[in-house]
Amino acid sequence: MKIAVIGQSLFGQEVYKELRKDGHTIVGVFTIPDKEGKADPLATEAEKHAVPVFKFPRWRLKGQAISEVVDQYKATGAELNVLPFCSQFIPMEVIDHPKHGSIIYHPSLLPRHRGASAINWTLIHGDKKGGFTVFWADDGLDTGPILLQRECEVEPNDTVNTIYKRFLFPEGIKGMVEAVRLIAKGKAPKIIQPQEGATYECIQKKENAKIDWNQSAEAIHNWIRGNDKVPGAWAEVDGQKVTFFGSTLMNNNTAVNGQSLEIPGASQPGIVTKAGLVLFGNNSKMLLVKNLQFEDGKMIPAAQYFRSGSSAAVELTEEEKGFAEQMRAVWKSILTNVNQIDDSTDFFKSGAASMDVVRLVEEAKLRARSCQLQNEDVYMNTIFQEFIQMCVRKLRGEDGEEELVVDYVEKNINNITVKIPHQLFISGEFVDAEGGKTYKTINPTNGTAICEVSLAQISDVDKAVAAAKEAFEEGEWGKMNPRDRGRLIYKLADLMEEHQEELATIEAIDSGAVYTLALKTHVGMSIQTFRYFAGWCDKIQGCTIPINQARPNRNLTFTKKEPIGVCAIVIPWNYPLMMLAWKTAACLAAGNTVVLKPAQVTPLTALKFAELAARAGLPKGVVNILPGSGALVGQRLSDHPNVRKLGFTGSTEIGKHIMKSCAVSNVKKVSLELGGKSPLIIFSDCDMDKAVRMGMSSVFFNKGENCIAAGRLFVEETIHDQFVAKVVEEVKKMKIGDPLDRSTDHGPQNHKAHLDKLLEYCQMGMKEGAKLIYGGKQVQRPGFFFEPTVFTDVQDHMYIATEESFGPIMIISKFKNGEVDDVLRRANATEYGLASGVFTRDISKALYVSERLNAGTVFVNTYNKTDVAAPFGGFKQSGFGKDLGQEALNEYLKTKAVTIEY
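Residues numbered from 1 in each chain as written. Predicted model: local features only at pLDDT ≥ 70, side-chain atom pairs only at ≥ 80, totals over all residues. Heavy atoms only, no water.

A few points about the overall build of the protein
Worth spelling out the cut-off: Secondary structure elements follow DSSP: runs of H or I no shorter than four residues count as helices, runs of E no shorter than two count as strands, and numbering proceeds from the N terminus. Burial status follows relative accessibility: with a 1.4 Å probe on protein chains alone, a residue under 20% of its type maximum counts as buried, one over 50% as exposed, and anything between as partly exposed. Two residues qualify as a contact provided that any one of their heavy atoms is within 4.5 Å of a heavy atom in the partner residue. Computed by Shrake-Rupley with a 1.4 Å probe, the accessible areas treat only the displayed protein chains as cover when residues are assessed. Positive charges come from Lys and Arg alone, negative charges from Asp and Glu alone, with His and the N- and C-terminal ends not counted. By convention, charge coordinates are those of NZ in Lys, CZ in Arg, CG in Asp, or CD in Glu.
Across its full length, the protein carries 27 helices and 40 strands. Residues classed as buried in the protein amount to 53% of the 902 residues present. For the protein, the share of sequence-separated contacts (at least 6 apart) that also reach a separation of at least 24 residues comes to 69%. Summing over all exposed atoms, the protein offers an accessible surface of approximately 38800 Å²; the carbon and sulfur share of this is 50%. Between the averaged position of the 105 positive side-chain charges in the protein and that of its 110 negative side-chain charges there is a distance of 3 Å.

Following this line, the structure appears as structure tokens:
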């Protein structure tokens with residue numbers, strides 16, 4: 001069809017482009033005159049294709065169509081008028097002229113919210129449904145017959161901007177194109193608008209946007225968000241008009257601390273907090289406002305209300321003066337109508353528009369990579385001198401960011417003072433759980449409480465996921481250069497290293513890990529993991545693929561590796577920090593955001609990690625930590641529709657449940673590292689001393705609370721008795737005691753329930769006829785200490801031969817001399833396949849056995865030798881997916897194939 005596009009803006013530009021792609025002929029574009037020498041985006045696009053562009057200042061004069069204008073329009077020969085967004089009054093002589101008439105886009109579900117401020121009124125009225133209408137133009141105001149409608153949910157904290165970007169803009173473009181297709185096919189309906197439910201609201205003006213405080217919090221919130229940006233809801237505060245922006249509803253159980261601010265007419269004073277200005281409705285419920293604007297146009301974060309006039313100007317260095325002059329030139333290139341950029345030049349009063357803000361932000365980044373601006377920074381610093389001061393503060397790392405507020409639990413222990421966060425970490429802040437719910441985390445060394453920890457609820461999970469989603473889709477993290485992302489992760493690793501003694505001490509008192517092991521492995525390997533994956537950030541790449549050409553044309557096919565989005569991570573209690581690192585480092589390196597649930601019994605190093613992540617500069621919402629129960633928090637993460645990947649380490653039973661929930665909810669990508677019963681085969685030709693030493697490590701390392709622990713040792717008959725005797729001799733030398741004592745070999749089990757399980761496990765072994773050679777009892781001292789234990793004469797059918805103890809219990813079975821294949825059959829006769837090991841001096845035998853052991857990891861003449869560069873993960877019911885190494889990145893990436901024809 002021959003189409004005339006009448007309108008303006010980026011929306012009009014995109015509709016124009018899509019109509020051309022659909023094969024329609026655009027015979028003319030009718031848009032608004034240039035502003036300050038700058039053409040509208042629709043005009044700019046049309047001029048690229050030599051389409052006639054008309055920029056009439058008006059179509060009518062004194063209510064009558066201007067004949068010269070109408071004649072120029074008619075000369076185009078349009079068969080259909082498409083009005084994607086039009087601020088001008090178009091006369092009926094134009095509307096009715098084409099063969100197919102005229103269609104208009106309107107951002108509401110007509111007949112509701114007729115008029116020019118439809119999106120605003122959708123929010124002001126608190127509508128639960130929003131959407132748009134494409135209708136046939138008539139001589140009424142948005143009253144013509146409906147061609148098509150599309151609707152969407154309006155979320156409680158939606159703004160004009162969010163609903164427009166999420167739905168009205170992208171889906172509106174598709175809707176306009178679909179409407180034209182229906183017209184071309186002769187299938188476009190004309191549904192008369194019903195009178196029932198029809199409303200008309202005028203354009204909001206500043207004088208009408210004053211806030212009525214005698215309403216509920218939700219009604220005040222709707223009024224503020226509906227008037228956000230233009231014209232802005234306002235009230236009198238301290239004798240001047242103050243405009244409120246960025247409203248969100250608050251949970252009434254949230255504790256509010258801050259400075260009181262009297263607001264005339266409000267049911268109670270507002271409270272200026274570190275998060276913003278808390279306001280109250282007449283129902284005592286709360287809302288939070290992020291930004292305030294004064295009568296002189298100055299905008300500030302609401303949190304800074306009482307210190308808005310206190311910041312002194314910084315004196316610029318020579319290098320900073322050079323940057324300032326570069327930015328002055330950028331302002332001049334944007335504000336072409338301004339002769340000179342003075343320190344007092346106002347960006348917006350000089351003619352800048354919203355697209356110019358985007359350009360200014362990007363220009364600043366080009367000139368100083370560390371000057372990571374947000375659009376809001378420009379809106380809050382509209383005067384050139386203020387803008388430069390703000391940029392310089394950012395470059396110096398003095399940009400006035402709210403200092404991280406942490407309500408520490410402090411303990412003088414291990415010759416240092418440890419400072420332990422104990423609240424949930426959501427969107428860059430430590431916050432209480434809904435309803436202030438808490439629980440006690442216990443020190444397994446003595447059974448006493450370390451501190452109260454916030455206990456996350458379902459609403460907290462939803463908040464954390466929303467924060468992670470916003471950080472990924474809208475925040476700095478999703479737009480960040482991969483190398484800059486790596487720089488932040490390196491910085492995080494450096495901070496972890498600076499705090500390694502503190503982290504190891506917290507790990508020791510919260511999980512029972514021996515301090516020296518915690519320092520080397522729990523913390524040391526965690527630091528190595530983040531450094532390893534930081535190096536991968538700028539090396540994630542796709543490839544080009546030769547495909548059959550579409551002759552006579554040619555094709556280029558390539559793949560892209562992209563982050564998945566919001567990832568949930570659920571970790572166990574045996575290596576609290578290291579399990580966090582193994583999964584989170586790869587997740588972040590790939591560019592995702594994360595909501596992590598630590599084990600309920602060991603939350604403290606995860607919360608300390610959250611603090612360090614914030615101090616390293618990871619943007620808000622990238623990392624969120626939720627201590628809580630698996631049944632509540634873990635289940636909600638499995639079910640949540642906005643979580644796109646879940647990584648889990650834990651029992652096979654729970655892993656199966658998670659896998660099912662992830663499938664039913666939204667077919668999440670899943671990686672599972674589950675239970676194990678790892679076999680270790682010791683042949684008679686082994687290095688006996690090394691086999692004893694490593695055999696003990698394979699079982700007793702980290703008190704046996706080790707996913708790859710050797711769950712069963714198969715010892716060749718000729719050396720069986722000698723091996724057992726040497727093991728018992730060495731076990732007797734092990735020192736059981738306080739994990740903070742540097743000479744301790746064996747600390748307490750992680751928690752009381754696990755200790756009780758180990759005692760039952762040993763009872764079951766003895767009941768079935770296994771021979772208890774050593775240990776098997778609780779150590780008679782405070783805390784959850786269990787003796788290193790050795791069983792022999794364990795037969796294949798016994799419970800302890802098939803089930804994992806996850807404790808310091810060595811299970812020894814003998815096998816006949818030379819029967820390699822038979823011992824392999826026994827070793828593989830398990831549903832688990834996480835790890836395995838073999839000790840022999842015969843390299844041929846070692847290779848033969850390692851090829852046939854059905855496990856994700858095989859150790860030869862060593863054990864527990866994991867490294868950040870080597871992939872780690874199991875087979876069969878030990879799960880699937882890999883931690884560590886390059887392969888781990890694939891767990892947190894998706895592959896997109898792109899094919900281009902040319």
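Overview of the sheet that holds strand β7 (residues 102-106)
The condition that has to hold: Strands were regarded as paired on the criterion that DSSP finds at least two bridges between them.
Here we have seven strands laid out as an open sheet, ordered β3-β2-β1-β6-β7-β8-β9, and mixed in their pairing. If you trace the sheet from one side to the other, it starts and ends with β3 (53-54) and β9 (146-153), each paired once. Pairing analysis gives two bridges linking strand β2 (residues 25-30) to β3, with the strands arranged parallel. Bridge pairing in β3 places F30 opposite F54.

Side note on the packing of aromatic side chains
The test is simple: Two rings from Phe, Tyr or Trp (for Trp, the six-membered ring) form a pair when their centres are within 6.5 Å of each other. A pair whose planes differ by under 30 degrees is stacked, one over 60 is edge-to-face, and the rest are tilted. Only when the NZ of Lys or the CZ of Arg is both within 6 Å of the ring centre and within 35 degrees of the ring normal is a charge said to sit over the ring.
In this structure the tally under the stated criterion is 28 aromatic pairs. Summarising the aromatic geometry, the rings of W331 and F387 are spaced 5.5 Å apart at their centres and angled 55° between planes, so their arrangement reads as tilted. Within this pair, whereas W331 is found in helix α8 (residues 318-334), its partner F387 is found in helix α11 (residues 384-396), the two being separated by 56 residues in sequence. Given the relative accessible area of 0%, F387 is considered buried. Every member of this aromatic cluster is reached through a ring pair, and the members are F11, Y105, F132, Y164, F167 and F169. Against the face of W234 rests K241, its NZ or CZ located 4.4 Å from the ring centre. Cation over ring: K845 sits above F683, and NZ or CZ is 4.5 Å from the ring centre.

As for the packing of helix α16 (residues 515-534) against helix α17 (residues 576-589)
Rule in force here: Helix axes use the C-alpha atoms of the stretch in contact, all axes being lines fitted to C-alpha atoms, and the angles between their N-to-C directions lie in the range 0 to 180 degrees. Oblique is the label for any angle not under 35 degrees, not over 145, and not in the 65 to 115 range, which are roughly parallel, roughly antiparallel and roughly perpendicular in turn. Residue polarity is assigned by list, with Asp, Glu, Lys and Arg as charged and Ala, Val, Leu, Ile, Met, Phe, Trp, Tyr, Cys and Pro as nonpolar; anything else, Gly included, falls into the polar class.
Contact pair α16 / α17: the axes reach a minimum separation of 8 Å and the direction vectors enclose 5°. As far as their axial angle goes, α17 and α16 are roughly parallel. Facing α16, whose interface residues are T521, H522, V523, M525, S526, T529, F530 and F533, α17 presents P576, L577, M578, L580, A581, W582, T584, A585, A586, L588 and A589. Class assignment for the residues of the contact of α16 with α17 results in 14 nonpolar, five polar and no charged.

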